[in-house]
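Per-entry structural report
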Amino acid sequence: MWRLIGHERVVAQLEQAFKAGRLSHAYLIVGPRHVGKMTLARLMAQALNCGAEDPPCLECDSCRKIGALTHADVQVVGLREGGDEAEAKLIGIEQVREIQRAASLSPFEGKRRVFIIDGAELLSVEAANCFLKTLEEPPERVTFILLSTGERQLLPTIVSRCQKLELAPLPAERLAATLVELGGISAERAGLLARLAHGCPGWALLALQDEGLLERRREAISGIMDIIRADSLRRFEYAGQLASRFAQSRKAVYDALSLWLELWRDLLCIKLGGEGLVTNTDCRGELASLADGLEIAEIRGFVESIRLTVQRLEQNANPRLALEVMMLDMPRLKSEVA
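What you see is a predicted model, and the numbers here were worked out from it, not measured in a lab. (Residues numbered from 1 in each chain as written. Predicted model: local features only at pLDDT ≥ 70, side-chain atom pairs only at ≥ 80, totals over all residues. Heavy atoms only, no water.)

Thoughts on the overall build of the protein chain
Here is the rule we go by: Numbering of helices and strands runs from the N terminus; a helix is a DSSP stretch of H or I covering at least four residues, while a strand is a stretch of E covering at least two. The size measure is the radius of gyration over C-alpha atoms, and the globule rule it meets is 2.2 Å times the number of residues to the 0.38 power. Throughout this description, buried means an accessible area under 20% of the type-specific maximum (1.4 Å probe, protein chains only), exposed means over 50%, and partly exposed covers the range between. Whether two residues touch is decided by their heavy atoms; if any such pair falls within 4.5 Å, the residues are in contact. All accessible-area figures derive from a Shrake-Rupley calculation using a 1.4 Å probe, and residue coverage is judged against the displayed protein chains alone. For this count, His and the chain ends are skipped, Lys and Arg are scored as positive, and Asp and Glu as negative. For the purpose of locating charges, the reference atoms are NZ of Lys, CZ of Arg, CG of Asp and CD of Glu.
The secondary structure content of the protein chain amounts to 17 helices and five strands. The globule rule puts the C-alpha radius of gyration for 338 residues at 20 Å, and the 22 Å found for the protein chain is close to it. Expressed as a percentage of its 338 residues, the buried residues of the protein chain come to 46%. Long-range contacts, defined as pairs at least 24 residues apart, comprise 71% of the intrachain contacts of the protein chain with a sequence gap of at least 6. With an accessible surface of roughly 16,900 Å², the protein chain has 51% of that area assigned to carbon and sulfur atoms. For the protein chain, the distance from the average position of its 42 positive side-chain charges to the average position of its 46 negative side-chain charges is 3 Å.

The following block contains the structure:
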C-alpha cells in the first residue's frame, strides 16, 4: 500500500516495475521541497525489503522499522550538523566513502541495502566524483535513492545513471480537499494552507501539526515588508545579516529568498488585477498597500533580481555582494521617495 498523497503516475510506474522485477540500481527523485520525495523514498525502501505479496504492506517488522528509519539495511545520508563551515554546506567525501564501505557488505536483516541521499545536489565535487564510481560499478543487492530539488546542480553523469522520478506539486484544490479530509479543518483554512504550500503536501501537513508555523511565517513576512519600506542603510544591514546566516545554513537563506520571491510575485498579481492568484491571501490588504507605491515594471524587474540572486548564490558567488546587489535593485516605494 503506497500511502502517498498524489503522484499516482509515479506510484503506478514503480508498482509495475516492482512486480516485473525491473529494478534500477539507482533512482533520482526530483521535486520541490515537501512534495513527498522522502516519503516516496521510504516507501520504495519498504517495498524492496517487504515480504508481502503486494509490497509494501507497512505492517511487517521490516516495513515498520524502515518507516521509523531504524532498519539496519536502510541508511539516510544528508548534511551533517556541526563541524566546520564546509561540512555545514556540503555532503562530504567521507560520507560517500562510508556509503561505499557499507554497500560492500551483504544485507544484515533485509533483502537489499538501501541508501537514501537527501539533498544530492549538495554533494561536494569530490564526493560526487567518488559516488559516480560506485554508480558505474554498483554492488549487488544495493539500491541508491537520490533526492534533489533539481538536477541542474548534479553531475550529468550521475543523472544519466539513475532512473528519474519527477514529483510535481498537487493542484491547490485537490490538496485543500485532502487537508479537509485528513485534518478535519475548514475549507477556508485548507485553501490557505494549500496555497501557502504551493501544492506540496509535506508543508501543509507540517502546518497542521505545528500551529506556530503560520505565525512564524507571518513574522517573517512582516520583517520583509519592513525592509521594503526601509532606507538604504537598513537594507544593507539586512543583506549583511542574510550573508552571515548563509555561512551557517544555506537552506535558511534560500527559504528567505523564496519568501521574498513569493511576496513580490503576489505584488505583481495584485498590480495586474489577478488577485485570485495571490498566494498570501491572509496578507492581501498589506500587499495591496505596498503595490500602490510601485510600478509594474519595477516589480517585474525586482522579481528577476531575486531570481538572479538565487542563481548567483548557487554558483558560489560572494553571498554578501550578491545580496547587497539585490538590495540595491529593490525599488523604493513612491511614498518613501516623497
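A word on the pattern of salt bridges
Which entries qualify depends on this criterion: Counted as salt bridges are all cases of a side-chain nitrogen of Lys or Arg within 4 Å of a carboxyl oxygen of Asp or Glu.
Under the criterion given, the structure shown has 20 salt bridges. Residue Asp210 is joined to Arg216 by a salt bridge in which the shortest nitrogen-to-oxygen separation is 2.5 Å. Residues Arg284 and Glu275 are paired through a salt bridge, measuring 3.8 Å at the closest nitrogen-oxygen approach. On the basis of relative accessibility, which here comes to 29%, the residue Arg284 falls in the partly exposed class.

Structural notes on the packing of helix α13 (residues 250–271) against helix α14 (residues 284–292)
For the record, the criterion: All axes are obtained by fitting lines to C-alpha atoms, using only the stretch in contact for helices, and the reported angles, taken between N-to-C directions, cover 0 to 180 degrees. When describing relative orientation, an angle under 35 degrees is termed roughly parallel and one over 145 degrees roughly antiparallel, while 65 to 115 degrees is termed roughly perpendicular and anything else oblique.
Their axes nearest at 9 Å, the elements α13 and α14 cross at an angle of 75°. With respect to α14, the axis of α13 lies roughly perpendicular. Between α13 and α14, the residues in contact are Leu263, Asp266, Leu267, Ile270 and Lys271 and Arg284, Leu287, Ala288, Leu290, Ala291 and Asp292, respectively.

A few points about the nonpolar core
Defined as follows: We call a set of buried residues a nonpolar core when its members are Ala, Val, Leu, Ile, Met, Phe, Trp, Tyr or Cys and they connect through side-chain atoms within 4.5 Å of each other.
The biggest cluster of nonpolar side chains holds 38 residues, and the ones touching the most others in it are Ile228, Trp260, Trp264, Leu267, Leu287, Met327 and Met330. Contributing elements (two or more residues each) for this core: α11 (212–229), α12 (232–248), α13, α14, α15 (296–314) and α16 (319–329). Counting residues per element, this core draws most heavily on α13, at eleven residues. Contacts of Trp260, omitting those with residues within four sequence positions, involve Ile224, Ile227, Ile228, Tyr238, Phe302, Ile306, Met326, Met327 and Met330. Counting 27 residues, the second-largest nonpolar core is a separate cluster that includes Leu28, Ile91, Ile99 and Ala103.

Looking at helix α10 (residues 201–209)
Where we set the bar: In this context, the arc is that of the directions from the helix axis out to the C-beta atoms.
Within the sequence span of α10, burial applies to Pro201, Trp203, Ala204 and Ala207. Axial view of α10: buried residues confined to an arc of 165°, hence all on one face. Buried-residue contacts for α10 involve α8 (172–183), α9 (187–196) and α11.

Brief notes about the sheet that holds strand β2 (residues 74–77)
To keep it simple, the criterion reads: Only strands that DSSP links by at least two bridges are regarded as paired with each other.
Strand order in this open sheet of five strands is β2-β3-β4-β1-β5, and the pairing throughout is parallel. The sheet is open, and its two edges are formed by β2 and β5 (163–166), each paired on a single side. Averaged over all adjacent pairs, the angle separating strand axes in this sheet is 20°, with direction ignored. Two elements, strand β1 (residues 26–30) and β5, share four bridges in a ladder whose sense is parallel. Bridging from a neighbouring strand, Ile29 pairs with Leu165 of β5. Across the sheet, helix α1 (residues 8–20) lies against β1 and β5, angled at about 150° from β5, the strand it touches most.

Some points on the packing of aromatic side chains
Each aromatic ring pair is characterised by the separation of its centres together with the angle its planes make. Heads up, the condition is: The criterion for an aromatic pair is that two Phe, Tyr or Trp rings (for Trp, the six-membered ring) have centres within 6.5 Å, with stacked assigned to planes under 30 degrees apart, edge-to-face to planes over 60 apart and tilted to the rest.
Counted under the stated rule, the structure contains seven aromatic pairs. Between Trp2 and Phe18 the ring centres are 5.8 Å apart and the planes differ by 85°, which places this aromatic pair in the edge-to-face class. Of the two residues, Trp2 sits in the segment before α1 while Phe18 sits in helix α1, which places them 16 residues apart along the sequence. One exposure class covers both Trp2 and Phe18, and it is buried.

Here we look at unusual backbone geometry
The residue after Pro55, namely Pro56, is reached through a cis peptide bond having omega -5°. Along the chain, Pro56 falls in the loop between α2 (37–49) and α3 (61–67). At His7, a position not held by glycine, the phi torsion is positive, near 60°. Here His7 is to be found in the segment before α1. Taking the relative accessible area as the measure of exposure, His7 reaches 10% and is therefore buried.

So, the environment of Pro331
Looking at the element boundaries, Pro331 is found in the loop between α16 and α17 (334–337). Expressed as a C-alpha distance, the spacing of Pro331 and Gly293, which sit 38 residues apart in the sequence, is 9.7 Å. Excluding residues within four positions of it along the chain, Pro331 makes contact with Arg235, Trp264, Leu294, Glu298 and Phe302.

A short note on the pairing of strand β3 (residues 113–118)
For clarity, the cut-off: By convention, a crossover is right-handed whenever its connection, traced from the first strand over the helix to the second and viewed with the strands pointing away, goes clockwise.
Counting buried positions along β3 yields five of six residues, so the element is predominantly enclosed. Relative to β3, β2 is paired through four bridges, and the arrangement is parallel. Looking at the pairing, Val76 lines up with Ile116 of β3. Sheet topology note: the β3/strand β4 (residues 142–148) ladder contains six bridges and is parallel. Within β4, the position partnered with Ile117 by the bridge is Leu146. In this view, the connection linking β3 to its parallel neighbour β4 by way of helix α6 (residues 125–136) has right-handed handedness.

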